[in-house]
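# Examining the three-dimensional arrangement
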Amino acid sequence: MTARPSIRVRVALRVGAAVVATCAACASVGAGTSAPTPSGGAGAPPLAPKGSDRVEKLLSSMTLAEKITMIGGTGFGTQPIPRLGIPAFKMSDGPSGVRSPGPSTAFAAGVALAATWDPALAQEVGTQIGRDARARGTRFMLGPGANIYRAPMNGRNFEYLGEDPFLASRIVVGYITGMQSQGVSATIKHYVGNDSEFARHTSDSTIDERTLREIYLPSFEAAVREAHTGSIMSSYNLLNGDHATQNAHIIQIMKGDWGFHGVYMSDWSATYDGVAAANAGLDLEMPDARFMNRATLEPALSSGKVSEAVITDKVRRILTTADRMGWLDSEAIDPSLSRYSETGKVAARKGALESAVLLKNAGNLLPLDLKKVHNIAVIGPNAYPGVTTGGGSGHVFAFAPSSLLQGLGDKLGTNATVTYARGLQSLRIQSVLTAFTTTKEGGKWGAQVESFPDNTFSGTPLSTRTEIQFATGVAGFGGDPDLLTADSLPPDRMQVLRGTVQGAPPPRTFDRWTSWYTAPSAGEYTIFVQDTGAYRLKVDDEVVIDSVRIPAAVVRQTARTLTAGAHKLVLEQTGFPELGRTFLRVGVVKQGTFVDPEAKKLAARADAVVVAVGFDSDIETEGNDREFSLPPGQAELIREIGAANPNTIVVINSGGAVDVTPWMDCAKSVIAAWYPGQEGGAALADVLTGDADATGRLPISWDRTLAENPSFPNYYYNDSAHPDRVVYREGVFVGYRGYQRSKVKPIFPFGFGLSYTTFQYANFKVEPVSAPGATAGGTPVPAGHVPLYTVSFEVTNTGHRSGTEVAEIYVGARSARVPRPVRELKGFARVDLTPGQTKRVTLTLDARSFTYFDVGASQWRADAGEYRVELGRSSEDIQAVQSLKLPHTLKVPAAE
Ligand code: BGC
């Protein structure tokens, strides 16, 4: 309900004096500095303060060799030191459930959690995941994911928390606080700038300092300063030219400015230089000590390139986290906790329920009127089985995932008929159905494959073979139940198992596939390729998909006009998939033939149809990006089902915006369901039937076209002088900040979501806090977060049913020394209201609600002058405005 759930007052008097007193011309908030911590040497980040007596005693008993051993992991855990009784501290992926050992409760994925706008629920979800971790012996959970959503293509958007740093921060603080209440360390990731998945190991996110501080760092800052996260994971990408594991600047911000005393661990194989990483402040190399090992560090210690204090600091951080979380005193597995948890299920259901965003509801088709609707057709690839999460390490092997089909069927029981058709073949079947032949005249089924030693494909091939399909390998990464339930395999056996489930080792040769497709008639065709590596596809010698330099999506599709007759397809695999699996699938489908006629018949007979579409864990996944368009055939499915039945509702699984323009007019209602976790089907049935209000709100701006997305021109490499750079040229104008600058309206704005009832606002007031800096609970508040203004308003449910409103507070500077967004989210509240009920809501604004980052002075700054405080239902729907005048310039040092 409040903008900031917990208030800590540390610099109360200083802030009070600086901000409210009218005497200082250029008041400074929090001008002091925190107690100095020793530094590891020139340019090195500060070392953590001394640990508890117990930690210090352990440290003093350790040999240097043992210390070095501890700073390189082993698979998913730290190295034990049995001589001193220090156990291994196990890790598991998150963020939306305990991935290993599974099965586990799968919660709504990050973007869905952000769509709830409910930090208290995030805290409950964090608590339940922490509990599940304790039931499985996991000490470090590898989540939350807190990178910022720039554009829909990022394959890991589903794990993250949307486009707004304030919203993301509130969710992060709730989630981590809950998780750590269970004695499990959160590991917020990926620090920082991992905002796309194509070429994630080599691309260099080039972000100016102001943008970093205002947009990309705040969720990490909140995790450190407010939620006291035990751990932070690096990103894979470089940031402004340096690998994140050895990037002194960003580590200095984390350990210096924010006072992070926990463990900075590498992402898996993201370390490149043991000495550089050790000195820059990496504390733990994962998954093993490839660089921060004795062979590298001992000579560096002898020659003085690395100091022992630096190594000790890393171990101190690991042991202090262990001590703080109680790991030194408890068995890893808490046997009093069940792995299959009822409390977890309840929180998972709530997450799925609160996150569903109703984007369109023409003629109030929803909630379904069950007096009139007796026959519902459920159609589409995502209707069954339940699509719970996206793919990669964020995939959770869920207990009994509930699909939309089962959810609706169970809910309606014998009161209505729920019919079902998939409606659209899977990509695998579409590929099998494409009758590829090895020669123009027919020949054999399939494709000729020539293997070359390099990707110039010149000269004589090393070998040739015939494949019966234009496809090879197994899709997906990470959903294998044996892999996820194998909690006690020794690391080497685990490697063997992974080797088998993740496919054969990368081929040493580059393959050229040649095949012929005979179009039955002239017309428009969709040609698609599913391939996680680099390749180019030529049709009749023309390149139609170029994924050589930028493997832009797991599934890429293109529309081509083909004449009747044979067409030559050549696919050259120019690079291997990042995750080592060889995987390829190609298909050609004549447009207008995607949809199963039986599905159209079912739709025509039904009173209403729910079409479940979107992505899944094979095609929206870590390690790859995805397209803005729905996967092949899905737009056609919606159009044809919509034509068969006017009461068509579309439910979309995705990690962010998808292109709705080709089919929006054919659907009366549209719901963004994200990846709702294992309870998704049951929760969506509640929303569809009106047992629950639609209460989710968009944590992203939903683009009408990709080209309008403010980051789009800068999403791929964009610096010809530095080919690996992605320069974030849009600066702070990401998402709605960019849309407002360009004055283009997205199809659905940030913060938007319909409810089944209506709301009205009144008595919007903004008043200075009479005694800023008043303590709350006696704990210190970082200077920037001391409340300065109170914002209050009344909200009334003016409809006939109970519902939930999300009230959003935006702040905008009327004039500023630097270009600033028109408005920025600085507070919000979810308000549950019965019909006719009014509630008064009070939120607070603090210095950081007004500031931008002043790079020259390395401080947060809000120029004196006028500001607009706006009360909105979305970033485009402002209901009330108040102006206020900041009498003095506010300044908050970066380290306060
Ligand atoms: C991912 C991390 C994950 C780690 C361990 C990496 O590939 O980027 O998010 O925690 O693997 O699975």
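Residues numbered from 1 in each chain as written. Predicted model: local features only at pLDDT ≥ 70, side-chain atom pairs only at ≥ 80, totals over all residues. Heavy atoms only, no water.

A few words now on the overall build of the protein chain. When helices and strands are tallied, the protein chain shows 21 helices and 37 strands. Over its C-alpha trace the protein chain gives a radius of gyration of 28 Å, about what one expects of a compact globule, namely 29 Å for 896 residues. Its C-alpha atoms put the protein chain at 85 × 70 × 60 Å along the principal axes. Among the 896 residues that make up the protein chain, the fraction classed as buried is 63%. (Helix = DSSP H or I, 4+ residues; strand = E, 2+ residues; numbered from the N terminus. Rg over C-alpha atoms; globule rule 2.2 N^0.38 Å. Buried < 20%, exposed > 50% of the residue type's maximum accessible area, 1.4 Å probe, protein only.)

Overall, the coordinates contain 54 salt bridges when judged by the stated rule. For the salt bridge of Glu 572 with Arg 536, the shortest nitrogen-to-oxygen distance reads 2.4 Å. Placement of the pair is Glu 572 in strand S22 (residues 565–575) and Arg 536 in strand S19 (residues 534–539), with a sequence separation of 36 residues. On the accessibility criterion, Glu 572 (6% relative accessible area) is buried. Bridged by salt links that share partners, the residues Arg 156, Glu 159, Glu 197, Arg 200 and Glu 622 form one connected network. (Salt bridge = Lys/Arg side-chain N within 4 Å of Asp/Glu carboxyl O.)

With that settled, the discussion passes to the packing of helix H7 (residues 209–216) against helix H9 (residues 248–257). Helix packing for two helices is described by the angle between their axes and how far apart those axes are. At a minimum axis distance of 13 Å, the contact between H7 and H9 shows a crossing angle of 50°. Judged by the angle between their axes, H7 and H9 are oblique. In this structure, H7 meets H9 at a crossing whose hand is right-handed. On H9, the residues that touch Glu 209, Leu 212 and Arg 213 of H7 are His 249, Ile 250, Ile 253 and Asp 257. Among the residues making up the contact of H7 with H9, the classes are represented as three nonpolar, one polar and three charged. (Axes fitted to C-alpha atoms, helices over the stretch in contact; angles between N-to-C directions. Parallel < 35°, antiparallel > 145°, perpendicular 65-115°, else oblique. Left-handed = near helix turned anticlockwise from the far one by under 90°. Contact = heavy atoms within 4.5 Å. Nonpolar A, V, L, I, M, F, W, Y, C, P; charged D, E, K, R; others polar.)

This part takes up the confidence of the model for the protein chain. For the protein chain, per-residue confidence averages 92 on the pLDDT scale, and residues scoring 70 or more make up 92% of the total. Averaged pLDDT values over the elements of the protein chain bottom out at 26 in helix H1 (residues 12–20) and peak at 99 in strand S26 (residues 669–672). Within the model, pLDDT remains below 50 along residues 1–36, and this stretch shows 98 contacts once partners closer than five positions in the same chain are excluded. (pLDDT = per-residue confidence, 0-100.)

Across the sheet, three strands lie side by side as S3-S5-S8; this open sheet has parallel pairing. Taken across any chain shown, the strands that pair with only one partner, and hence form the sheet edges, are strand S3 (187–191) and strand S8 (263–265). The mean angle between the axes of side-by-side strands here comes to 25°, regardless of whether they run parallel or antiparallel. Pairing of S3 with strand S5 (residues 231–234) involves three bridges; the strand directions are parallel. Across the sheet, residue Tyr 191 finds its bridge partner in S5, namely Ser 234. Packed onto the sheet, H9 meets S3, S5 and S8 and runs at close to 155° relative to S8. (Pairing = 2+ DSSP bridges.)

Since the α-helix advances by 3.6 residues per turn, residues separated by three or four positions end up pointing in the same direction. For helix H14 (residues 404–412), the full list of buried residues reads Leu 404, Leu 405, Gly 407, Leu 408 and Leu 412. In a view along the axis of H14, the buried residues occupy a sector of 165°, so they form one face of it. Buried residues along H14 sit against strand S10 (375–379), strand S11 (417–421), strand S24 (608–614), strand S25 (648–653) and helix H20 (680–689). Count one or two residues on from H14 and you reach Gly 413, which has phi positive near 50°. (Arc of directions from axis to C-beta.)

Moving on, we come to the environment of Val 529. Within the fold, Val 529 resides in strand S18 (residues 523–531). The exposure class assigned to Val 529 is buried, which follows from its relative accessible area of 0%. Measuring from C-alpha to C-alpha, the distance between Val 529 and Arg 556 comes to 5.4 Å, with 27 residues separating the pair along the chain. Non-local contacts of Val 529, meaning those with residues more than four positions away in its chain, are made with Tyr 535, Leu 537, Ile 545, Val 554, Val 555, Arg 556, Leu 571, Leu 584, Arg 585 and Val 586.

Okay, the site of the ligand next. Close contacts around the ligand come from 13 residues, with Asp 93, Arg 156, His 190, Asp 267 and Glu 622 the closest. Between Asp 267 and the ligand, the recorded distance is 2.6 Å, taken from a side-chain N or O atom to an oxygen atom. For the ligand, the accessible surface in isolation is 310 Å², of which the surrounding protein chains cover 93%. Considering only residue class, the shell around the ligand consists of five nonpolar, two polar and six charged. (Near = heavy atom within 4 Å. Polar contact = N/O pair within 3.5 Å; in protein donor to acceptor, adjacent residues only side chain to side chain. Areas by Shrake-Rupley, 256 points an atom, 1.4 Å probe, with all protein chains shown as cover.)

As a further point, take the environment of Trp 674. Within the secondary structure, Trp 674 is located in the loop between S26 and H20. Sequence separation between Trp 674 and Phe 140 is 534 residues, and the spatial gap between their C-alpha atoms is 26 Å. Within polar-contact distance, the side chain of Trp 674 engages the backbone oxygen of Ser 355 at 3.0 Å.

So, on to the sheet that holds S18. The four strands are arranged S16-S23-S18-S21 in an open sheet whose pairing can be described as antiparallel. Both outer strands of the open sheet, strand S16 (471–472) and strand S21 (555–562), are each paired with one neighbouring strand and no more. Where S16 meets strand S23 (residues 584–590), two bridges bridge the pair, whose relative direction is antiparallel. Its bridge partner being in S23, Thr 472 is matched across the sheet by Leu 584.

The subject of this paragraph is the environment of Lys 314. Here Lys 314 lies in helix H12 (residues 308–325). For the pair formed by Lys 314 and Leu 284, sequence separation is 30 residues and the distance between their alpha carbons is 7.3 Å. Discounting residues that sit within four places of it in the chain, Lys 314 has contacts with Ile 71, Ala 277, Ala 278, Gly 281, Leu 282, Asp 283 and Met 292.

This model, assessed by the stated rule, comprises 31 aromatic pairs. Each ring, one from Phe 198 and one from Tyr 715, has its centre 5.9 Å from the other, and the planes form 50°; the classification is tilted. You can see Phe 198 sitting in the loop between S3 and strand S4 (204–206) and its partner Tyr 715 sitting in the loop between H20 and strand S27 (725–727), a full 517 residues away along the chain. Each member of the pair, Phe 198 as well as Tyr 715, is classed as buried. Aromatic pair Tyr 517 and Tyr 525: ring centres 6.0 Å apart, planes at 70°, arrangement edge-to-face. Owing to a relative accessible area of 8%, Tyr 517 belongs among the buried residues under this scheme. Three or more aromatic residues joined by ring pairs form one cluster here, namely Trp 117, Phe 166, Tyr 736, Phe 750, Tyr 810 and Phe 828. Above the plane of the ring of Phe 166 lies Arg 170, whose end atom (NZ or CZ) is 5.5 Å from the centre. The side chain of Arg 626 reaches across the aromatic face of Phe 615, ending 4.5 Å from its centre. (Phe/Tyr/Trp six-rings, centres within 6.5 Å; stacked < 30°, edge-to-face > 60°. Lys NZ or Arg CZ within 6 Å of the ring centre and 35° of its normal.)

Our next topic: helix H6 (residues 165–180). Under the 1.5 Å per step criterion, the end-to-end length of H6 is 22 Å for 16 residues, consistent within 8% with the ideal 22 Å. Among the 16 residues that make up H6, 15 are buried, leaving the element largely enclosed by the rest of the structure. A distance of 2.9 Å separates the backbone nitrogen of Phe 166 from a side-chain oxygen at the start of H6, and that oxygen is part of Asp 164. (Expected span 1.5 Å × (residues − 1).)

To continue, consider the pairing of S10. When you tally the buried positions in S10, you get four out of five residues, the bulk of the element. Here S10 runs beside S11; their pairing, made up of five bridges, is parallel. Paired with Asn 375 across the two strands is Thr 417, which belongs to S11. Traced from S10 through H14 to S11, the parallel crossover comes out right-handed. Where S10 and S24 come together, four bridges link them in parallel fashion. In the strand pairing of S24, Ile 379 is matched with Val 611. (Right-handed = clockwise from strand over helix to strand, strands pointing away.)

Looking now at unusual backbone geometry. Cis geometry is found at the peptide bond from Gly 94 to Pro 95, where omega equals 0°. Omega for the peptide link from Tyr 384 to Pro 385 comes to -10°, which places this bond in the cis form. Counting through the fold element by element, Pro 385 comes out in the loop between S10 and H14. Positioned with a positive phi, Ala 199 is a non-glycine residue whose angle comes to about 50°. If you trace the backbone, Ala 199 turns up in the loop between S3 and S4.

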